[in-house]
Amino acid sequence: AFAVSVVSEGAEDETELPLLQNSEKSRTISKIGRELKGIVFVIQSQSNSFHSKRAEDLKRDILKQAVDLGKELPTVLLTHQIDRHEGAWTILPLMTDFSVTYGRNSSWIFFCEEDTRIQVIKLVETLRRFDKSKEWFLGKALYDEESTIIHHYAFAENPTVFKFPDFAAGWALSIPLVNKLAKKLKSEPLKSDFTIDLKHEIALYIWQKGEGPHLTPVPEFCTDYMNSYKVDHCATTFSNFLPLCGEPVNKEDIFVAVKTCRKFHGDRIPVVKQTWEREAALLEYYSDYADISIPTIDLGIPNTDRGHCGKTFAILERFLNHTSPRTPWLVIVDDDTLISIFRLRKLLSCYDPNEPVFLGERYGYGLGTGGYSYITGGGGMVFSRTAVQKLLASKCRCYSLDAPDDMVLGMCFSGLGIPITHSPLFHQARPMDYPKDYLSHQIPVSFHKHWNIDPVKVYFTWLAPNTEESSNGKKVGYNREDL
C-alpha cells in the first residue's frame, strides 16, 4: 500500500504539473490581453496609396498578435483617417480628442511609424515597468551633438542635454500626461507658426521649459533591423531603410530641373557636375542668365533674393508643355542640393504616377489652427505629371514672383485636396545637422546646403551609388566621417 501510495502521488505530480503550468500561462496571457486593451496604438500614416497600405498592414499585424493573446483587442488608429484635422500628422492637435475618448479607460497612447515593427507581448511587458498613473514620456532618445538651425539653435551651450524621440522606434505617452497636455492646449493654443522637426518640437512642448517631463529613454524601443542579432531584447524594430517595389523606375522617367542664378554658376554648378548630374538622363539648369557653357536656360524670370515662386511655376509650365508626356516624374532641386537619383529611382518604384503625388520632406505652417503642409524645397520636390496637371489646371498661382515657392505649392495642393507625401529620406540640411543615430537607419536620398562642408566629399560619403545597401538587406559599412 505504501509503495502504491508513493507511485500514486508521483503520478499525480506528473499529470498536475503541466496543468498548473498551462493554467499559469493562461493567466499570464489573459493579464497581458487586459493590459494590451489599455494601449491605444496610433500609426503615423499617410493617405497616399503606398503608405496607407503599409499602415493597414501594420494595423493587421498588431491586431493579429492581439487575437493570439485572447479576446481583448486594443484600439489601432491611423492618423491620415483622422480627417477632422489638417495637422493630424503633427500629433499635438489630437491630444484633446485622445483625452476625451480614451482618458478614462486607457493607460497609454503608443505612437509608431508605418515601418515600425512591434512585438506586442514585449511592448506590454516594457510599459508595465512604468507606473501608468504618473506622467510618462517614453521613447528611444536622440540628441543634437551641436546646436543646429533646424532646432533654432536650442540649448546652444550644450545641446546634448535635451533628448527627443526617434519616431521610427515608437514612443509612448501615459494617459495622465495626455490629459495634462489636452488641458494645456485648451487654455493655451499652439503658438508656433511652423512645424519643421516634429519629434523635437513635441519633446519641447511636453518639457514645458523644465516644468513637464523629460523624455525617458527606453532601451526596448529599437531601430535595429528585424533580422539583427541585437533585437532579442527589443519590443520594437524598424523594418525599412529604402523602399523598393519591383524594378527601379527608368532614368528616362525622371526629368530633373535645377534652379540656379548667375551668381552661383561658378561655384555651385561645378559641384552638381562632379557629383550627381551623371545619374540623371534628363536634366536642365534654369537661371536668370543663359550661359551656353553649362548650359543654363533663361526662363525670363529675374532672380529674387527671397522666394522663387515665379521661377518654380515657370519650370512647372515648361515641364508640362515642353517635355515628353511619357515622362511621369519631375524633380525640382536647388543648385546646392545633393541628391541620389539612383536611390530616387528605387523610391519612386513604390508610387503610382497616375496619382497626384507631391513628395519630399514635409513641413507645416499654422497647423494648430488650420493651415497647410508643404514640401520644403531644399531637400528636393518630386511631382508626378498628374499632380502638375491638376495644379496648373487649378489656376492657383504665386501672389508675387518672390513668394516662397514651396509654401505656395503647399497652399495650392491643400486647396485642391491633394495630400503632401512625406519621406524622411529627403533632408533640408547637411548630414552634420542630424543625430548620427537618426541617420543610421536611413539610406538618404538628399541633403542640402554647402555651408562649411566639402559638398563633393559629402556626396561620395553619403549618396553615391557605391554607398548603397547590399542586396541581402544588410547595410554596408559606410566610411561616414564627421562631415
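Every value quoted in this text rests on a predicted model; they were computed, and no experiment measured them.

**Student:** Just to check I follow, could you spell out the layout of surface pockets for this structure?
**Tutor:** What the largest pocket holds in volume is close to 900 Å³. Arg306, His308, Asp334, Gln428 and His448 are, among the 35 residues lining the largest pocket, the residues nearest its centre. Here the element with the most residues in the lining of the largest pocket is helix α11 (residues 405-415); it accounts for three residues. Partitioned by chemical class, the residues of the lining of the largest pocket number twelve nonpolar, eleven polar and twelve charged. Of the domains in this structure, domain 1 (33-238) and domain 2 (251-463) are the two that each give at least three residues to the lining of the largest pocket. Residue lining of the second largest pocket: 27 residues in total, with Leu190, Lys191, Ser192, Glu201 and Tyr205 positioned closest to the centre. Looking at the lining of the second largest pocket, the elements with two or more residues in it are β9 (194-195) and α6 (198-207). At seven residues, α6 tops the list of elements feeding residues into the lining of the second largest pocket.

**Student:** Looking at this model, I keep getting lost on the UniProt feature "domain: Fringe-like glycosyltransferase" (unreviewed entry) in the protein. Mind explaining?
**Tutor:** As recorded in UniProt, the feature "domain: Fringe-like glycosyltransferase" (unreviewed entry) lies at residues 98-186 and 248-458. Counted over residues 248-458, helix gives 27% and strand 21%. Its end C-alpha atoms are 24 Å apart.

**Student:** Looking at this structure, I do not really get the packing of helix α8 (residues 309-322) against helix α10 (residues 385-393). What am I missing?
**Tutor:** When two helices pack together, their arrangement is given by the angle between the helix axes and the distance between those axes. Where α8 contacts α10, the axes come no closer than 10 Å and their chain directions differ by 115°. In the packing of α8 onto α10, the handedness of the crossing is left-handed. Residues Phe313, Leu316, Glu317, Phe319 and Leu320 of α8 touch α10, and the partners they reach there are Arg385, Val388, Gln389, Leu391 and Leu392. Residues that form the contact of α8 with α10 fall into these classes: seven nonpolar, one polar and two charged.

**Student:** Got a minute to help me understand the sheet that holds β9 in this structure?
**Tutor:** Hydrogen bonding along the main chain pairs the strands of a sheet, whether they run parallel or antiparallel. Read across the open sheet, the three strands follow the order β9-β18-β19; overall the sheet is antiparallel. Every other strand in the sheet has two partners, leaving β9 and β19 (372-375) as the edge strands with one partner each. Across two bridges, β9 lies against strand β18 (residues 362-365) in antiparallel orientation. Looking across to β18, one finds that Thr195 is bridged to Gly364.

**Student:** I tried to follow empty space enclosed by the protein on my own but got confused; where do I start?
**Tutor:** Sizing a probe to match a water molecule and rolling it over the atoms shows the empty space that remains. The final tally for this structure, using the stated rule, is three cavities of 30 Å³ or more. Its boundaries defined by the atoms lining it, the largest cavity holds a volume of some 760 Å³. Considering the residues around the largest cavity, the lining is formed by 41 residues, among which Glu113, His422, Ser423, Pro424 and Tyr438 are closest to the centre. Broken down by element, the lining of the largest cavity gets its largest block of residues, three residues, from helix α2 (residues 49-68).

Cut-offs used in this document
- Residues numbered from 1 in each chain as written.
- Predicted model: local features only at pLDDT ≥ 70, side-chain atom pairs only at ≥ 80, totals over all residues.
- Heavy atoms only, no water.
- 1 Å grid on protein atoms, 1.4 Å probe; cavity = no way out; pocket = protein on both sides within 12 Å on 5 of 7 lines; lining within 4 Å.
- Points joined across faces, edges and corners; volume = space filled by probe spheres on them.
- Helix = DSSP H or I, 4+ residues; strand = E, 2+ residues; numbered from the N terminus.
- Nonpolar A, V, L, I, M, F, W, Y, C, P; charged D, E, K, R; others polar.
- Domains from an automatic or database assignment.
- UniProt positions renumbered as here; feature names shortened; annotations may be inferred.
- Axes fitted to C-alpha atoms, helices over the stretch in contact; angles between N-to-C directions.
- Left-handed = near helix turned anticlockwise from the far one by under 90°.
- Contact = heavy atoms within 4.5 Å.
- Pairing = 2+ DSSP bridges.

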